[in-house]
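Chain residues, written in single-letter form:
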Amino acid sequence: MTILKSLLISFCTISLLSCNSNNKTPEKTIVEETIKPSEKIELSKSQKIINDAIAAHGGDFYNNAQYSFGFRGNIYQFKNDGNNYEYTKSSNKDNTITLDVLKNGNFSRTVNGEAVKLSEKEIVSGTGAINSVIYFATLPYKLNDKAVNFKHIESTVIKNKDYHVIEVTFNKDGGGEDHDDEYYYWINKDTNKIDYLAYNYQVNKGGVRFRSAYNVRVIDGVTFQDYINYKADVGTPLKDLPMLYEAEKLKELSKIKTENIINLNKN
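Below is a short write-up of the structure. Because the structure is predicted, anything quoted here is derived from the model rather than measured.

1. Some details on the sheet that holds strand 6 (residues 114-115)
Argument step 1. Reading across from one edge, 6-5-4-3-2-1-14 is the order of the seven strands in this open sheet, with antiparallel pairing throughout. Only two strands of the sheet have a single neighbouring strand rather than two, namely strand 6 and strand 14 (259-263).
Argument step 2. Direction of pairing for strand 2 (residues 74-81) relative to strand 3 (residues 84-93): antiparallel, over a ladder of seven bridges. Bridged to isoleucine 75 within strand 3 is serine 90.

Below is the structure:
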């Protein structure tokens with residue numbers, strides 16, 4: 001699954017630059033925009049909830065974060081530098097070391113240090129594979145990417161805790177090959193953290209998944225958590241999954257575990 005995704009609400013200030021300050025009659029004058037309180041753009045409820053969740057999970061620490069972790073036998077690294085990023089996946093099988101690198105949207109691969117020429121299909125597949133792992137490991141950091149759309153569905157209760165329910169969909173442009181996927185996030189009203197998430201996907205005849213977070217830990221300001229991955233029948237509305245989960249009617253498929261997490265900025 002490839003998801004590299006976000007919605008950015010920006011505030012613009014328009015100004016005209018002045019000419020040489022030595023001129024008595026400058027051709028241009030600096031104009032300071034003032035916005036009346038009644039004209040200020042207010043964040044939507046869903047945007048505020050997402051922003052609070054990002055802050056709770058790591059906030060500004062994400063902007064320059066650099067971590068490595070193990071996942072299913074491979075070593076992943078992510079390095080953020082403002083708007084720039086670099087993700088890597090390293091695997092060692094039968095004395096063959098494969099290194100995948102995704103840097104600011106450009107994917108490349110080396111095998112035992114030698115560059116490999118890739119087809120367009122291999123580039124799309126490799127990009128999706130590394131994006132998917134980093135995306136889930138750093139949730140909800142990427143929920144503010146340009147291709148992401150979200151809205152507040154409702155408030156609900158799961159196991160006697162109160163949650164905001166946020167629906168996330170993606171634009172076709174920039175939403176990746178799985179832009180038709182739909183996600184739900186259940187964000188704890190007390191902690192502002194994601195305790196549950198669910199999604200449906202369309203490839204391979206489709207599927208519905210529900211994940212419950214566990215093993216939550218904060219490493220140098222950034223929250224990492226593992227998930228128990230459950231399966232529901234194709235076509236099951238995402239909104240209904242917590243009820244099925246509490247009734248123990250979901251089938252456990254796997255555990256999504258990030259291991260040996262290291263803050264590389266401390267090395």
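2. Describing the nonpolar core
Argument step 1. Residues Phe69, Phe78, Leu139, Val168, Tyr185 and Ile187 are the most contacted members of the largest nonpolar core, which totals 42 residues.
Argument step 2. The element contributing the most residues to this core is helix 2 (residues 120-137), with six residues.
Argument step 3. With residues up to four places along the chain from it excluded, the contact list for leucine 139 reads His57, Tyr62, Tyr185, Leu197 and Tyr227.
Argument step 4. Counting 16 residues, the second largest nonpolar core, distinct from the first, contains Tyr184, Trp186, Tyr245 and Leu250.

3. Remarks on unusual backbone geometry
Argument step 1. Following leucine 139, the chain continues to proline 140 via a peptide bond in cis, the omega torsion being 5 degrees.
Argument step 2. Examined against the element boundaries, proline 140 turns out to sit in the loop between helix 2 and strand 7 (148-158).
Argument step 3. Positive phi is not limited to glycine here, since asparagine 215 has a value of about 50 degrees.
Argument step 4. Given a relative accessible area of 41%, asparagine 215 falls into the partly exposed group.
Argument step 5. The phi dihedral of asparagine 260 is positive, around 50 degrees, even though this residue is not glycine.

4. Details of helix 2
In an α-helix, one turn spans 3.6 residues; hence positions three or four apart end up facing the same way.
Argument step 1. Helix length check: helix 2, at 18 residues, gives a terminal C-alpha distance of 26 Å against a target of 26 Å (1.5 Å per residue), a fit within 8%.
Argument step 2. Every buried residue belonging to helix 2 is among Gly126, Thr127, Gly128, Ile130, Asn131, Ser132, Val133, Ile134, Tyr135, Phe136 and Ala137, and all of these are buried.

5. What to know about helix 1 (residues 45-57)
Argument step 1. Between its first and last C-alpha, helix 1 extends 19 Å over 13 residues, near the 18 Å set by a 1.5 Å rise per residue.
Argument step 2. Where helix 1 terminates, the next one or two residues include glycine 59, which has phi positive at roughly 55 degrees.

6. Details of the packing of aromatic side chains
The geometry of an aromatic ring pair is captured by the separation of the ring centres together with the interplanar angle, meaning the angle of the planes.
Argument step 1. Inspection of the entire model under this criterion finds 22 aromatic pairs.
Argument step 2. Taking 5.8 Å as the distance between ring centres and 50 degrees as the angle between the ring planes, the aromatic pair formed by tyrosine 184 and tryptophan 186 counts as tilted. No difference in accessibility class separates tyrosine 184 from tryptophan 186, as the two residues are buried.
Argument step 3. Ring geometry for tryptophan 186 against phenylalanine 210: centres 5.6 Å apart, planes inclined by 65 degrees, an arrangement best described as edge-to-face. Within this pair, whereas tryptophan 186 is found in strand 9 (residues 182-188), its partner phenylalanine 210 is found in strand 11 (residues 207-219), the two being separated by 24 residues in sequence.
Argument step 4. Judged by relative accessible area, which is 1%, tryptophan 186 ranks as buried.
Argument step 5. The buried category is assigned to phenylalanine 210, whose relative accessible area is 1%.
Argument step 6. Put simply, the rings of Tyr135, Phe136, Phe170, Tyr183, Tyr185, Tyr199 and Tyr201 touch in pairs and so form one group of aromatic residues.

About the criteria used
Residues numbered from 1 in each chain as written. Predicted model: local features only at pLDDT ≥ 70, side-chain atom pairs only at ≥ 80, totals over all residues. Heavy atoms only, no water. Pairing = 2+ DSSP bridges. Helix = DSSP H or I, 4+ residues; strand = E, 2+ residues; numbered from the N terminus. Core = buried A, V, L, I, M, F, W, Y, C linked by side-chain atoms within 4.5 Å. Buried < 20%, exposed > 50% of the residue type's maximum accessible area, 1.4 Å probe, protein only. Contact = heavy atoms within 4.5 Å. Expected span 1.5 Å × (residues − 1). Phe/Tyr/Trp six-rings, centres within 6.5 Å; stacked < 30°, edge-to-face > 60°.

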